[in-house]
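# An overview of the molecular structure
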Amino acid sequence: MTPMTTPLIPATVTGSLPKPGWLAQTQQLWPQWRAHDDLDQAKADATLLWVKLQEDIGINIVGDGEQARQHFVHGFLDGVEGIDTVNKVTMAIRNGRYEALVPQVVAPISLRGRIHGAEAQVLRAHTSRPTKFTLPGPLTLVDTVADAHYGDRAALVMAFAELLNHEALALQGDGIDIVQFDEPAFNVYPELASTLGIQALERAAQGLTCTTAVHICYGYGIEANARWKQSLGHEWRQYEEFFPALADSSIQQVSVECIASQVPMELIALLTGKAVMVGAIDVASDRVETPEEVAEVLLMAADLVGAEQVIASTNCGMAPMRRSVAEDKLRVLVAGAAHARRALAG
Ligand code: ZN
């Protein structure tokens, strides 16, 4: 494991980053691959490209940018036996927020083998900085498949948690420092999140000695999400329902959406003892924030949970964004963290 030699308020990416145009379609959440001749090599090259870019930009905790998966959920499902990914069905997901073409669970699920080994090893081999790797969370996985076999949501959630645990332990074996589970479904089913959701996270993280994290946002900056957010009212208090249970859990870091959001900042104070990845970059807008705007959010968070518990991050992944915008926003994230650090020092 790499020693965590990071500054106060280190900067990290949340997860996905835009794919280069030679690898896949750009500005799409579900892009088609373009590099057909040697797709595996192209994925590895794109991962390496983003490791270098993140280092040059000054990102302290580096990720693979999810370059090797088509989508944050389906990249994992592709490696699971018992799922029919050919005969997809249309299903309303995220409590009916939008319709998606989803794979079906048709038999008991198991892993075919390693899922993300190749890109995790590229990431580890090409940076000496602390590394983070993302996996979809069990509740979100189950909310993105049609179950034609288990007939019992809790059983399916725990079955996915067990598979995730295998891959998470293997990622730790690859030398990954932080394994993060992405659970946007927590904000859709906050009550379920506080019970089954967190129980499943614990199962997925069982036996890990690396740092564990969970990312809980209000989704990518796509139109269906923008409409949903408008329906949530003036204050978004979903976090309030499950943060106390999350504070009692063994998960060490929590990634939350803060900037340009209707989430009352004070809710992060419920995350007693956790490191908080503070979303200080809006991924739903192409307008690039100023370092001062980023610093303001980080300093508010530092006031609530203590500066040593704050990690600077983006609200969500950046996969559907223009690459130049994503790069500019990451630069401002780094500048904003430095700005906050200076303010705290002086
Ligand atoms: Zn997200």
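Residues numbered from 1 in each chain as written. Predicted model: local features only at pLDDT ≥ 70, side-chain atom pairs only at ≥ 80, totals over all residues.

For the chain, the helix and strand inventory stands at 10 helices and 9 strands. Rg of the C-alpha trace for the chain: 19 Å, near the compact-globule value of 20 Å for 346 residues, within the 12% margin. When its C-alpha atoms are laid out on the principal axes, the chain stretches across 60 × 45 × 40 Å. By the burial criterion, 51% of the 346 residues in the chain qualify as buried. For the chain, the proportion of contacts with a sequence separation of at least 24, taken over those separated by at least 6, is 78%. (Helix = DSSP H or I, 4+ residues; strand = E, 2+ residues; numbered from the N terminus. Rg over C-alpha atoms; globule rule 2.2 N^0.38 Å. Buried ≥ 20, exposed ≤ 12 C-beta atoms within 10 Å, placed from the backbone. Contact = placed C-beta atoms within 7 Å.)

What follows concerns the packing of helix H9 (residues 291-305) against helix H10 (residues 323-345). Any two packed helices are characterised by how steeply their axes cross, that is the angle between the axes, and by the distance between the axes. Packing of H9 against H10 brings their axes to within 7 Å, and their N-to-C directions diverge by 55°. Of the possible angle classes, the one that applies to H9 and H10 is oblique. In this structure, H9 crosses over H10, and the sense of that crossing is right-handed. In this structure, H9 contributes Pro 291, Glu 292, Val 294, Ala 295, Leu 298, Leu 299 and Ala 302 to the contact, and H10 contributes Val 332, Leu 333, Ala 335, Gly 336, Ala 337, His 339, Ala 340, Ala 343 and Leu 344. Its residues placed into classes, the contact of H9 with H10 shows 13 nonpolar, 2 polar and 1 charged. (Axes fitted to C-alpha atoms, helices over the stretch in contact; angles between N-to-C directions. Parallel < 35°, antiparallel > 145°, perpendicular 65-115°, else oblique. Left-handed = near helix turned anticlockwise from the far one by under 90°. Nonpolar A, V, L, I, M, F, W, Y, C, P; charged D, E, K, R; others polar.)

Take the nonpolar core next. One finds Phe 160, Val 276, Val 278, Ala 280, Leu 298 and Ala 301 to be the most contacted residues of the largest nonpolar core, which totals 107 residues. For this core, the leading source of residues is helix H5 (residues 153-173), giving 9 residues. What Val 276 contacts, discounting residues up to four positions off in sequence, is Val 254, Val 256, Ile 268, Leu 271, Ala 301, Val 305, Gln 309, Val 310 and Ile 311. (Core = buried A, V, L, I, M, F, W, Y, C linked by C-beta atoms within 7 Å.)

Our focus in this paragraph is unusual backbone geometry. Although it is not a glycine, Glu 66 sits at a positive phi angle of roughly 55°. Relative to the elements of secondary structure, Glu 66 occurs in the loop between helix H1 (39-57) and helix H2 (74-77). With phi around 60°, Asn 95 is a residue other than glycine that occupies positive phi space. As for its placement among the helices and strands, Asn 95 is situated in the loop between strand S1 (80-93) and strand S2 (98-111).

Spatially, S1-S2-S4 is the arrangement adopted by the 3 strands of the open sheet, whose pairing is mixed. Here the strands that pair on one side only, and so sit at the sheet edges, are S1 and strand S4 (146-147). Pairing between S1 and S2: 9 bridges, direction antiparallel. Looking at the pairing, Glu 81 lines up with Ser 110 of S2. Sheet contacts for H5: S1, S2 and S4; angle to S2, the most-contacted strand, approximately 75°. (Pairing = 2+ DSSP bridges.)

Glu 119, Ala 120, Val 122, Leu 123 and Arg 124 are the residues of helix H3 (residues 117-125) that are buried. Lining the buried residues of H3 we find H1, strand S3 (132-136) and H5.

This part is about helix H8 (residues 238-247). Along H8, the residues classified as buried are Tyr 239, Phe 242, Phe 243 and Leu 246. The buried residues of H8 occupy an angular sector of 130° when the element is viewed end-on, so they sit on one face. Looking at the buried residues of H8, the elements they touch are helix H6 (190-204) and strand S7 (253-257). (Arc of directions from axis to C-beta.)

Next up on the list: the environment of Leu 141. In this fold, Leu 141 is placed in helix H4 (residues 138-142). A sequence separation of 67 residues divides Leu 141 from His 74, and the C-alpha atoms of the two residues are 8.6 Å apart. With near-sequence residues (within four places) excluded, Leu 141 lies in contact with Val 73, Phe 76, Pro 136 and Phe 160.

What follows covers the environment of Leu 77. Among the secondary structure elements, Leu 77 is positioned in helix H2. Leu 77 gets classed as buried once you count the C-beta atoms within 10 Å, which come to 22. Excluding anything up to four places from it in sequence, Leu 77 contacts Ile 83, Thr 85, Pro 103 and Val 145.

Further remarks concern the sheet that holds strand S5 (residues 178-182). Spatial ordering of the open sheet is given by S3-S5-S6-S7-S8-S9, a layout of 6 strands whose pairing is parallel. Two strands in the sheet have a free side with no partner beyond their single neighbour: S3 and strand S9 (310-313). Along the sheet, successive strands turn relative to each other by an average axial angle of 25°, direction set aside. Bridging between S7 and strand S8 (residues 275-279) involves 5 bridges; their strand directions are parallel. Bridge pairing in S8 places Gln 253 opposite Ala 275.

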